[in-house]
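Breakdown of the fold
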Amino acid sequence: MTRPRKQVILGAYLGGVNHHTAWWDPEAGSQIDFSTFEHTARTAERGRFDFFFLAEGLALRERAGRVFDQDIVGRPDTLPVLASLAAVTTHLGLAGTINATFNEPYELARQLASLDHLSGGRAAWNVVTSFDAFTGQNFRRGGFLPRSQRYERAAEIIDTIRTLWDSWDDADIAADPATGRFLTRGDAGAFSSKGNQFDVHGRFTVPRSPQGRPVILQAGVSPEGRDFAASRSDAIFSPYGALPEAAEFYRDVKARAVRFGRRPEDIKILPSASFVLGDTEAEAEELYREIRSQQVNGKTALILLEQIWNRDLSAYDPEGPLPDIDPDSEAPPFIQGRALVHQDRFATVAAWREIAEAKKLTLRELVADRFEHGSFVGTPQQVADRIDSFVQNDGSDGLIVGSHLVPSGLDGFVDKVVPLLQERGSLRADYTGTTLRDNLGLPGLSRNPNRERDDPAAAAG
Ligand SMILES: Cc1cc2nc3c(=O)[nH]c(=O)nc-3n(C[C@H](O)[C@H](O)[C@H](O)COP(=O)(O)O)c2cc1C
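1. Points about the pattern of salt bridges
The tally for this structure, following the rule as stated, stands at 35 salt bridges. Asp166 serves as the salt-bridge partner of Arg208, at 3.0 Å between the closest nitrogen and oxygen. Remark: Asp166 occurs in the loop between α5 (147-165) and β7 (173-176) and Arg208 occurs in the loop between β10 (199-203) and β11 (215-218); sequence separation between them is 42 residues. We note that Arg208, like Asp166, is buried. Put simply, Glu265 and Arg263 hold a salt bridge, and the shortest N to O gap is 3.6 Å. Owing to a relative accessible area of 42%, Arg263 belongs among the partly exposed residues under this scheme.

Printed below as a string of structure tokens:
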């Protein structure tokens, strides 16, 4: 039996605090102006994307104690941006990356349920746990939770927030012709939640939102992160945009979801990916090389490498070989505020030396190669073919697509690649659902969880 064609889920990633954004390009716009967010969101909606996506950086990055000039620095807070975008879009989901380590459940539950109301059911939360005490110092003395407790806190915060969201039933508010509205249940909004991290009880102030529960994404790839996503999230934002790692990750997370009693399709795997288009393949390849050498110039390459080596490498030639000294695992962090996905410095350095040797790469070329997580490069037809086959062959359920150029980077994708995906039936011609949850094909939720729990028979009727 042939499997039905999967619909490619698309998220639009607006680049933020990282080296992917070519902010020095003369065509690059502001990273802060509302017009940048608005243009990207409207373009994504024109391309029938499922959602707009913002990453989050809670600290300015530092090198040896000073802010450095190779990244975007500074940007507005996610939730007000998404709330503003709700007013200029109609169907597009609005996904914000928000930290689970530094926030309180009551305030986050209120903010996300409010965004869900204001947008008519389009809110999504990408849960991150953060990576360093340096960032945490902005929030509290000592800065951090031990690594082992970050996912415990993340799991508890989600469970608590869900308790808050579920504290209201749809039927708690009824229309009354005379007064407009009235409450039908005296204990509407009542909640109580106790665990190792939180002990809260009271009444939640926001009535049940259109999605009931805003969509939950997660980003983080350790075994703890995968289990957290497999047990609690609707989607996972992964760094694996290329085979074979992508397919392995896909299988692993879906299998974990099944172990948690869920169906494989209940969790969507969405890697980050970028694209470069050309009229011919050769032109696209040339453009890709140009963009890549801008994104990872010599200075950026050294900074990215300093994060792994944890020492000053400024004396090394980016066009020469990798540094011949060992990393320093004892010294305080040389680069602060950037997620370190390579936990074992010595193993990473050993592996990278082998790759550089085998592929005959300079220091800069090696960094460009290792920090590349999935680019679709070619003519629009080739890019559409490759994206579709990546998804149909279970590399993922879709992509969170970013571009090196803000805010116009997505235009070419929407004008040229989207129609080809639609032609082959892999992308909807128009939105089919009213909420983000519907559009993503996620399971529906009870509208009256309390009534259902107290009286299943009555609730079903
Ligand atoms: C694809 C991806 C995107 C991420 N985006 C962010 C982000 O925008 N902001 C942030 O603070 N952390 C971000 N993180 C960091 C994670 O929240 C997490 O702290 C880090 O990956 C360590 O967790 P892990 O050991 O489970 O991977 C991201 C991680 C991944 C893998």
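2. Regarding the nonpolar core
Membership of the largest hydrophobic core comes to 65 residues, with the highest contact counts inside it found for Phe49, Phe52, Trp125, Phe204 and Phe413. Examining the composition of this core, we find that eight residues originate from one element, α5, more than from any other. If we ignore the near neighbours within four places in the chain, the residues touching Phe52 are Ala12, Leu14, Phe37, Thr40, Ala41, Leu82, Leu85, Leu92, Gly93, Leu94 and Ala95.

3. Side note on the site of the ligand
Near the ligand you find 17 residues, and of these Glu56, Val128, Tyr151, Val221 and Ser222 are the closest. At 2.7 Å from a nitrogen atom of the ligand is found a main-chain nitrogen or oxygen belonging to Glu56. One of the backbone N or O atoms of Val221 is found 2.9 Å from an oxygen atom in the ligand. The fraction of the free accessible surface of the ligand (610 Å²) that becomes covered by protein chains is 88%. Among the elements that line the shell around the ligand, the one with the most residues is α5, at three residues.

4. Here we look at the packing of helix α6 (residues 223-232) against helix α7 (residues 245-259)
It is at 8 Å that the axes of α6 and α7 come closest, and there the two elements cross at 55 degrees. Relative to α7, the element α6 is oriented oblique. Pair α6 / α7 crosses with right-handed handedness. From α6, Pro223, Arg226, Asp227 and Ala230 reach across to α7, where they touch Phe249, Asp252, Val253, Arg256 and Ala257. The residue inventory of the contact of α6 with α7, partitioned by class, reads five nonpolar, no polar and four charged.

5. A short note on the packing of aromatic side chains
In the structure shown here, the tally under the stated rule is 13 aromatic pairs. A centroid spacing of 5.7 Å and a plane angle of 40 degrees characterise the contact between Tyr151 and Phe228, whose relative ring orientation is tilted. Taken as a pair, Tyr151 in helix α5 and Phe228 in helix α6 lie far apart in primary sequence, 77 residues in all. One aromatic cluster is present, built from ring pairs that chain together Tyr13, Phe51, Phe53 and Phe237.

6. Some thoughts on the domain arrangement of the protein chain
When the domains of the protein chain are assigned, the result is domain 1 (9-281 + 374-454) and domain 2 (297-370). For domain 1 versus domain 2, the separation of C-alpha centres amounts to 31 Å. Domain 1 puts 15 residues into the contact, and the matching count from domain 2 is 15 residues. Interface area for domain 1 against domain 2, summed over the two sides, is near 1,400 Å², with a carbon-plus-sulfur share of 53%. Here domain 1 and domain 2 share two salt bridges between them. The salt bridge involving Arg63 is made with Asp312; its shortest N-O contact spans 3.1 Å. Here domain 1 and domain 2 share five residue pairs in polar contact (both at pLDDT 80 or more) between them. Those elements that provide at least two residues to the side of domain 1 that touches domain 2 are β3 (62-63) and α4 (133-136).

Conventions adopted
- Residues numbered from 1 in each chain as written.
- Predicted model: local features only at pLDDT ≥ 70, side-chain atom pairs only at ≥ 80, totals over all residues.
- Heavy atoms only, no water.
- Salt bridge = Lys/Arg side-chain N within 4 Å of Asp/Glu carboxyl O.
- Helix = DSSP H or I, 4+ residues; strand = E, 2+ residues; numbered from the N terminus.
- Buried < 20%, exposed > 50% of the residue type's maximum accessible area, 1.4 Å probe, protein only.
- Core = buried A, V, L, I, M, F, W, Y, C linked by side-chain atoms within 4.5 Å.
- Contact = heavy atoms within 4.5 Å.
- Near = heavy atom within 4 Å.
- Polar contact = N/O pair within 3.5 Å; in protein donor to acceptor, adjacent residues only side chain to side chain.
- Areas by Shrake-Rupley, 256 points an atom, 1.4 Å probe, with all protein chains shown as cover.
- Axes fitted to C-alpha atoms, helices over the stretch in contact; angles between N-to-C directions.
- Parallel < 35°, antiparallel > 145°, perpendicular 65-115°, else oblique.
- Left-handed = near helix turned anticlockwise from the far one by under 90°.
- Nonpolar A, V, L, I, M, F, W, Y, C, P; charged D, E, K, R; others polar.
- Phe/Tyr/Trp six-rings, centres within 6.5 Å; stacked < 30°, edge-to-face > 60°.
- Domains from an automatic or database assignment.
- Buried area = accessible area lost by both parts, 1.4 Å probe.

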